[in-house]
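# Structural overview
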Amino acid sequence: MRRTCPDSHCETDMRIPGKIALITGGTSGIGEATALLFAKEGASVAITGRHENRGRDVVAQIVADGGKAIFIPTDVRKASECERAVQQTISAFGRLDVLFNNAGVFYPHNIVECTEEEWDLQLDINLKGTFLMSKFALPHMIRQGSGVIINNSSGWGLAGGDSAVAYCASKGGVVLLTKAMAIDHGRQGIRVNCVCPGDVDTPMLPEDARLRGLPWDEYLAGCADRPLGRIGTPDEIAKAVLFLASDDSSFMTGAALVVDGGGIAD
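Below you will find a few notes about this structure. (Residues numbered from 1 in each chain as written. Predicted model: local features only at pLDDT ≥ 70, side-chain atom pairs only at ≥ 80, totals over all residues. Heavy atoms only, no water.)

## Some words on the side chain of N126
Basically, it comes down to this: Under the DSSP-based scheme used, a helix requires at least four consecutive residues in state H or I and a strand at least two consecutive residues in state E, with every element numbered from the N terminus. The contact criterion used throughout is that any non-hydrogen atoms of two residues lie within 4.5 Å.
Examined against the element boundaries, N126 turns out to sit in helix 4 (residues 116-144). If we skip the residues at most four places from it in the chain, N126 touches A103, G104, V105, Y167, S170, K171 and V174.

## Considerations on the sheet that holds strand 3 (residues 69-73)
As a reminder, the rule being used: By this definition, two strands are paired if DSSP reports at least two bridges between them. To obtain an axis, a line is fitted to C-alpha atoms, over the contacting stretch when the element is a helix, and the angle between two such axes runs from 0 to 180 degrees between their N-to-C directions.
Taken in spatial order, the seven strands of this open sheet run 3-2-1-4-5-6-7, and their pairing is parallel. Across the chains shown, the open sheet's two edge strands, defined by having one partner strand only, are strand 3 and strand 7 (256-259). Across this sheet, the average inter-strand angle for adjacent strands is 20 degrees, counted without regard to direction. Summarising the sheet, strand 1 (residues 20-23) and strand 4 (residues 98-101) pair through three bridges and their orientation is parallel. The residue bridging A21 from the neighbouring strand is V98, located in strand 4. Across the sheet, helix 2 (residues 52-64) touches strand 2 (44-49) and strand 3, and the angle it forms with strand 3 is around 170 degrees.

## Regarding the packing of aromatic side chains
We apply this condition: Here is the rule: rings of Phe, Tyr and Trp (six-membered ring for Trp) pair when centre to centre is within 6.5 Å. Planes less than 30 degrees apart are stacked, more than 60 are edge-to-face, and the remainder are tilted. Accessible area is worked out with a 1.4 Å probe on protein chains only. A residue is then buried under 20% of its type maximum, exposed over 50%, and partly exposed in between.
Applying the stated rule across the entire model yields three aromatic pairs. Between F106 and Y167, the ring centres sit 4.7 Å apart and the planes meet at 75 degrees, which makes this aromatic pair edge-to-face. Taken together, the residues F106 in the loop between strand 4 and helix 4 and Y167 in helix 5 (residues 165-185) connect sequence positions 61 residues apart. When its relative accessible area of 10% is taken as the criterion, Y167 is described as buried. Ring geometry for W216 versus Y219: centroids 5.7 Å apart, planes at 20 degrees, classification stacked. Linking W216 with Y219, this pair stays in helix 7 (residues 216-223), spanning three residues, or about one helical turn. Note on W216: relative accessible area 33%, which makes it partly exposed. Taking relative accessible area as the criterion, Y219 reaches 7% and is therefore assigned buried. Ring pairing ties together the aromatic residues F106, W156 and Y167, which thus form one cluster.

## Re the pattern of salt bridges
Basically, it comes down to this: Salt bridges are defined by distance alone: a side-chain nitrogen of Lys or Arg within 4 Å of a carboxyl oxygen of Asp or Glu.
The tally for this structure, following the rule as stated, stands at 10 salt bridges. For the salt bridge of R56 with E52, the shortest nitrogen-to-oxygen distance reads 2.9 Å. Of this pair, R56 and E52 both sit in helix 2, separated by four residues, roughly a single helical turn. Overall, R56 belongs to the partly exposed group, its relative accessible area being 41%. Note that R77 is salt-bridged to D75, the shortest N-O span being 2.9 Å. Its relative accessible area of 27% is what places R77 among the partly exposed residues. For D75, a relative accessible area of 8% translates into the label buried. Three or more residues are tied together by salt bridges with common partners; here these are D162, D208 and R212.

## Brief notes about unusual backbone geometry
Its identity as a non-glycine residue notwithstanding, S163 has a phi of 50 degrees, on the positive side. Along the chain, S163 turns up in the loop between strand 5 (147-152) and helix 5.

## Structural notes on helix 6 (residues 204-212)
Selection rule: The directions from the helix axis to the C-beta atoms are what the arc is built from.
For helix 6, the complete set of buried residues consists of L205, D208 and A209. Seen end-on, helix 6 carries its buried residues on one side only, within an arc spanning 100 degrees. The secondary structure elements touched by the buried residues of helix 6 are helix 7.

## Describing helix 5
The line we're drawing: Helix span, expected: 1.5 Å multiplied by one less than the number of residues in the helix.
When the terminal C-alpha atoms of helix 5 are compared, their 30 Å separation across 21 residues agrees well with the 30 Å that a helix rising 1.5 Å per residue should span. Among the residues of helix 5, those classed as buried are A166, Y167, C168, S170, K171, G172, V174, V175, T178, M181, A182 and H185. On its buried face, helix 5 is in contact with helix 4, strand 5, strand 6 (190-197) and strand 7.

## Section: empty space enclosed by the protein
Where we set the bar: Here the term cavity refers to a set of points on a 1 Å grid, laid over the protein atoms alone, in which a 1.4 Å probe fits but cannot get out; the term pocket refers to an open set having protein on both sides within 12 Å along at least five of seven lines, with lining residues being those that place an atom within 4 Å of a point. Grid points are joined across faces, edges and corners, and a volume is the space filled by probe spheres set on the points. Each residue is assigned to one class: nonpolar for Ala, Val, Leu, Ile, Met, Phe, Trp, Tyr, Cys and Pro, charged for Asp, Glu, Lys and Arg, and polar for all the others, Gly among them.
In this structure the tally under the stated criterion is one cavity of 30 Å³ or more. In this model, the largest cavity occupies a volume close to 40 Å³. No other element matches the four residues that helix 4 contributes to the lining of the largest cavity. Its residues placed into classes, the lining of the largest cavity shows four nonpolar, five polar and no charged.

## Observations concerning the pairing of strand 4
The cut-off we apply is this: Viewed with both strands pointing away, a crossover whose connecting path from the first strand over the helix to the second turns clockwise is right-handed.
Across the two faces of strand 4 the burial is the same, with V98 and F100 and L99 and N101 all buried. As defined by bridge partners, strand 4 adjoins strand 5 across four bridges and the pair is classed as parallel. Paired with V98 across the strands is V148, a residue of strand 5. Crossover strand 4 to strand 5 through helix 4 is right-handed.

Functional significance is not addressed by these values, which are geometric in nature.
This is the structure:
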C-alpha cells in the first residue's frame, strides 16, 4: 500500500516518482492524457509530435501544475529525428526510464481501396516509428540496467476490424514486436508491454466517422455496442499505461493489455 501525506504531490504517494518518460504523439488524445498523468505521478516528461503549438500547450499545463516537461518536435518516421528525441530527453533530464510509443494514424479502407500511400503512412508511423524510437532508447536503458517500454497497439491488432487493413497490419505488428523485444531484453532489466485500446474519445474517432461517411450519432452507437455500452476515455487508457510503467506491473513483460470495454470479448 502506498503511503499518503497531507501534500497531494508528496513523493511517497506517487506511482513513478523521479522517473524520466518519453511519450510520442503526446500532443492530444491518449498521449496527452498519459503525459499529464505521468507528470502528476512524479515523472519528468518529454513529449513528441508534429504540432508544436499543441505540444507547447501540454508542456505549459504540466509546468503550471509544478511538473517538469519539454516538447521535442519529431516525425517518428525518420530515424534521425527519433535519435534526436531520445538524445534531447537524456540531455534535459539525465536518463530515460520509460518510453511510451503512442504516435499513430488511421485510415479506413479495405485492401482493394487502400492506396499504397495510405499503407506506407500507417505502417511507417504505427510500426516503424515504434521500431525506431525503441532502437534508439534501448541502448541507454541497457547501459543503466533498467527501463520500461510500452507500445500502443489496439484491440484490432489482436482481433482485426472492418475496412482497416493497413491499421490492423501495423497494430498486429506492434503486438509481436512487443513480444520479441520482451524476449530479447528481459535479462537486461527491461520490460516491454503493449496496451490495446478499443474505441476511445480522441480526435481519431470523429475523423474515422467522417472518412466512412457515417453520421456521428450512428457511428458512436456502433462503437458503444459492446459489453460496457460506451467508448473509453483517454484518461482510462492513460491509467493502464501508468500501470505498465510502474512497479505495480513488475512481473509483466511481453503482455498485450486489452482496455476496450469488452469489445473483442463480445
